[in-house]
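Each chain, written out:
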Amino acid sequence: MVESVLIDLFSLPANLQNIQGLLHNTLETIEKCSSIHAPCVYVMCCQKQGSERKGEQEFLLPALRVFQSLKGRLEVVCAQTTAAALYTIKQRLDEKDLSIIKVILPTLRKDLMKVYVDHLFTAVYQFEFEDLHMVSDCENQQVSEPQHEGQTLPSQDVALIRSEIQMYLESLPSLKGELTILRSSLIPDDIFLHGFTTRTGGISYIPTLSSCNLFSSSKRRDPQVVVKENLRRLANAAGFNPEAFHRVKTDHANAVCIMGKSEPDNYDGIVTNQKGVTLAAPGADCIPVLFADPVRKACGAAHSGWKGTLLEVSMATVNAMVSEYGCNMKDILVVLGPSVGPCCYKLPHESAKEFHRIDPKCVRLFDSASPYIDIRRATRILLERGGILPENIQDDSITDQNQNITFCTACHPDKFYSHFRDGTNFGTQIGFISIKD
């Protein structure tokens, strides 16, 4: 069932004589065919530079005011670009948690609109497209037009749309305050650029993703273009090149990618000795782990959830640095970033047994159905057993709490994202590191 209708009048000039009649007929059909469930209706039109939204809306009022059943569910959105108008409508849809949208638009706008939709929305949303001139009765309202298979816009037109979207997103203000980066005093900043992000300073607006979400998924409402803009802002603040940025392709296992060699399909660790290349690992409860060897000038990043911890992904990353770059185990520095703490994290008893075998101190209330688990302690123990010096590991056991960066993500909703706390539509922070040029 369609939850929302978008009427695209963006390409029609405001002084078109029959635009009011066209809109009136379209709304009449929507009202007639939606007697049980009245969808939210958005009318999208162009606001010329220098004009005011009020003037555009008043021009359309005669066609709007008679539809009492749509009152409160009908909104005119005027903007100078299609990207701005469509992104504003996306915000309205997200506020109401709507995801099934019918777009009624001029035939010539259909392929164009599909490109905007592909960039600004994810697979969470379902779109139907219908020709504007065909909306005349219930039959046409219920049956979508064939979608002209095989037709695509010229590549230069797609490039222009991408540029328009990028420029609009770059113009948006940062949310939830300034962008903040946490840094470890253990990693020498004359050799390495590194940090762990928090949730502030980006443009993601959905509550559980707001604001500096750095991962896009088909299951979430933040599109890749928004994540890319968040990354651009992070790169500007941190001083790295976003075009030389490599994030692990998480599989909750222990495969490691060696930069410059064949890339695995999935991997939770990544290492390099190339200057100016930024490596990153995500975390939204799982541990983003950073590795640095100031002697051999090599670095790495790993994503360590409970499965990856048990599979020793951190030691797999260390071993890759040793075998590939000749690193000495005693020179490698390891920093554990913000992650869910033993204060909050629970696992089923069967999984808890595996952590108990590593060390009983990794489990609290072991006899319960869902004991509390300390994946940080388990990571430290496995690293020390593998040959990393205890003093070369920074985690929440640090004595000077002013130097602590291994915060519990679940305990600090103002600073961090948490899958455990926020559910499936959660945001993601990262740990990143590179060797300075």
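Residues numbered from 1 in each chain as written. Predicted model: local features only at pLDDT ≥ 70, side-chain atom pairs only at ≥ 80, totals over all residues. Heavy atoms only, no water.

Per an unreviewed UniProt entry, the protein is named Purine nucleoside phosphorylase LACC1, and its organism is Rhagologus leucostigma. Turning to the protein, the UniProt record has this under Sequence similarities (unreviewed entry): "Belongs to the purine nucleoside phosphorylase YfiH/LACC1 family." Turning to the protein, the UniProt annotation filed under Subunit (unreviewed entry) states: "Interacts with FASN. Interacts with SDHA. Interacts with ATF6, EIF2AK3 and ERN1." (UniProt positions renumbered as here; feature names shortened; annotations may be inferred.)

A. Broad picture of the overall build of the protein. Per the secondary structure count, the protein includes twelve helices and 18 strands. Across the 437 residues in the protein, those meeting the buried criterion constitute 53%. Per element, the accessible surface of the protein, about 19400 Å² overall, is 50% carbon and sulfur. (Helix = DSSP H or I, 4+ residues; strand = E, 2+ residues; numbered from the N terminus. Buried < 20%, exposed > 50% of the residue type's maximum accessible area, 1.4 Å probe, protein only. Areas by Shrake-Rupley, 256 points an atom, 1.4 Å probe, with all protein chains shown as cover.)

B. Structural context of the sheet that holds strand β3 (residues 74-79). Reading across the sheet, the five strands line up as β3-β2-β1-β4-β5 and stay open at both edges, with parallel pairing between neighbours. Because the sheet does not close on itself, it has two edges, and the strands there are β3 and β5 (126-131). Pairwise comparison of adjacent strand axes, ignoring direction, gives a mean angle of 20° for this sheet. Summarising the sheet, strand β4 (residues 100-105) and β5 pair through six bridges and their orientation is parallel. Within the sheet, the bridge partner assigned to Lys 102 lies in β5 and is Glu 128. Running at roughly 165° to strand β1 (residues 4-8), helix α1 (residues 19-32) makes contact with β1, β2 (40-46), β3 and β4 of the sheet. Strands β1, β2, β3 and β4 of the sheet are contacted by helix α3 (residues 82-95), whose axis makes an angle of about 165° with β2. (Pairing = 2+ DSSP bridges. Axes fitted to C-alpha atoms, helices over the stretch in contact; angles between N-to-C directions. Contact = heavy atoms within 4.5 Å.)

C. Quick peek at the side chain of Ser 99. Secondary-structure assignment places Ser 99 in the loop between α3 and β4. Taking the relative accessible area as the measure of exposure, Ser 99 reaches 15% and is therefore buried. Contact partners of Ser 99, with chain neighbours within four places excluded, come to Glu 3, Val 124, Tyr 125, Gln 126 and Arg 221.

D. Inspection of the packing of α3 against helix α4 (residues 110-120) at higher detail. In contact at an axis separation of 11 Å, α3 and α4 are set at 50° when each is read in the N-to-C sense. Judged by the angle between their axes, α3 and α4 are oblique. Crossing angle aside, the handedness with which α3 passes α4 is right-handed. Judged by residue contacts, Thr 82, Ala 83, Leu 86, Tyr 87 and Lys 90 of α3 engage Met 113, Tyr 116, Val 117 and Leu 120 from α4. (Parallel < 35°, antiparallel > 145°, perpendicular 65-115°, else oblique. Left-handed = near helix turned anticlockwise from the far one by under 90°.)

E. View of the environment of Ile 381. Looking at where Ile 381 falls in the secondary structure, it is placed in helix α11 (residues 375-386). Looking at Ile 381, the relative accessible area reads 14%, which means it is buried.

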